[in-house]
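In case you want the letters, here they are:
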Amino acid sequence: MQSAVRMTGIVKRFPGVVANDGVDLDVRPGEVHALLGENGAGKSTLSNILTGLYRPDEGKVEVNGQVVNFASPKDALHAGIGMVHQHFRLVETFTVAENVVLGEDDAPFLMNQQAVATRVKEISDRYGLAVDPSARIWQLSVGEQQRVEIIKTLYRGARILILDEPTAVLTPNEADVLFATLRAMVAEGRTVIFISHKLDEVMKVSDRVTVLRGGRT
């Protein structure tokens, strides 16, 4: 089976530290793949390379069988990769719909609020991501704000989603809802990379697991 993502021999150095030291990661289409490890193991660095925030010092990244060299997160998104960061990147005074289209390449100067709201609701209903498109971000709970970030990546066509410690801000009930959403995504052939250091959650939601320790696989 062709991999959705294959990262081979990834090395990333920062002053005084090697964050990734020859890391290999192989993720299949249509699975929840957990990236497990303690804080500082190199998980976030690896995901930042996959999403174009960092360039690897050594190693190769392939997406759907094609070697890629991302210069920015926009390049990664064009390749179908979206990430939901642990710290959300939302404008609190804007509505859900406005945040979803913010920064899009082809976003019109005047936004068609109704069209965007309709599309947001379609995605919400499809994946159990209940959120009001007209609500302003500051009015939402932390769990609802996370849903907006997930909707934003899906709205932009991501087929591979990376979630960085997504349950750190959720109640146990909200985490269970999130897990149901992830299963619905992979049932449609999407791929989810789930970054965590909580073994019980990883065992609950993941199909396969890659463990990082001290920057190595």
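This one's a predicted model, so the numbers in the text were calculated from it and none came from an experiment.

## Digging into the pattern of salt bridges
Then step 1. Tallied over the full model, the rule gives 13 salt bridges.
Then step 2. Notably, a salt bridge pairs E188 with R126, separated by 2.9 Å at the nearest N-O pair. Of the two residues, E188 sits in the loop between helix 6 (172–187) and strand 8 (191–196) while R126 sits in helix 4 (residues 113–127), which places them 62 residues apart along the sequence.
Then step 3. The partly exposed category is assigned to E188, whose relative accessible area is 34%.
Then step 4. Of the charged contacts, one joins K198 and E201 as a salt bridge, the two residues approaching to 3.9 Å between their closest N and O atoms.
Then step 5. On the basis of relative accessibility, which here comes to 28%, the residue K198 falls in the partly exposed class.

## Side note on helix 5 (residues 142–155)
Then step 1. Given a rise of 1.5 Å per residue, 14 residues ought to cover 20 Å, and the 20 Å separating the end C-alpha atoms of helix 5 matches this to within 8%.
Then step 2. With eleven of its 14 residues buried, helix 5 lies for the most part within the structure.
Then step 3. Of all the positions in helix 5, only G143, Q145, Q146, R147, V148, E149, I150, I151, K152, T153 and L154 are classed as buried.
Then step 4. If you follow the buried residues of helix 5, they end up packed against strand 6 (81–84), helix 3 (96–101), helix 4, strand 7 (160–164) and helix 6.
Then step 5. Phi for G157, located one or two positions after helix 5, is positive at around 90°.

## Points about the sheet that holds strand 5 (residues 66–68)
Then step 1. With antiparallel pairing, the four strands of this open sheet are ordered in space as 2-1-4-5. The open sheet has two edge strands, strand 2 (17–27) and strand 5, and neither has a second partner. In this sheet, adjacent strand axes meet at a mean angle of 30° when their direction is disregarded.
Then step 2. Of the pairings in the sheet, the one linking strand 1 (residues 5–14) to strand 4 (residues 58–63) comprises five bridges and is antiparallel in character.

## A look at unusual backbone geometry
Then step 1. Even without being a glycine, N64 presents a positive backbone phi close to 50°.
Then step 2. Given a relative accessible area of 39%, N64 falls into the partly exposed group.
Then step 3. Although it is not a glycine, E165 sits at a positive phi angle of roughly 45°.
Then step 4. Summarising the element assignment, E165 is placed in the loop between strand 7 and helix 6.

## Structural notes on the packing of helix 4 against helix 5
Then step 1. One can describe the packing of helix 4 onto helix 5 by two numbers: an axis separation of 10 Å at closest approach and a directional angle of 110°. Relative to helix 5, the element helix 4 lies roughly perpendicular. Residues V116, R119, V120, I123, S124 and Y127 of helix 4 lie in contact with helix 5, whose contacting residues are I151, L154 and Y155.
Then step 2. Of the residues contributing to the contact of helix 4 with helix 5, the split by class is seven nonpolar, one polar and one charged.

Definitions and cut-offs
- Residues numbered from 1 in each chain as written.
- Predicted model: local features only at pLDDT ≥ 70, side-chain atom pairs only at ≥ 80, totals over all residues.
- Heavy atoms only, no water.
- Salt bridge = Lys/Arg side-chain N within 4 Å of Asp/Glu carboxyl O.
- Helix = DSSP H or I, 4+ residues; strand = E, 2+ residues; numbered from the N terminus.
- Buried < 20%, exposed > 50% of the residue type's maximum accessible area, 1.4 Å probe, protein only.
- Expected span 1.5 Å × (residues − 1).
- Contact = heavy atoms within 4.5 Å.
- Pairing = 2+ DSSP bridges.
- Axes fitted to C-alpha atoms, helices over the stretch in contact; angles between N-to-C directions.
- Parallel < 35°, antiparallel > 145°, perpendicular 65-115°, else oblique.
- Nonpolar A, V, L, I, M, F, W, Y, C, P; charged D, E, K, R; others polar.

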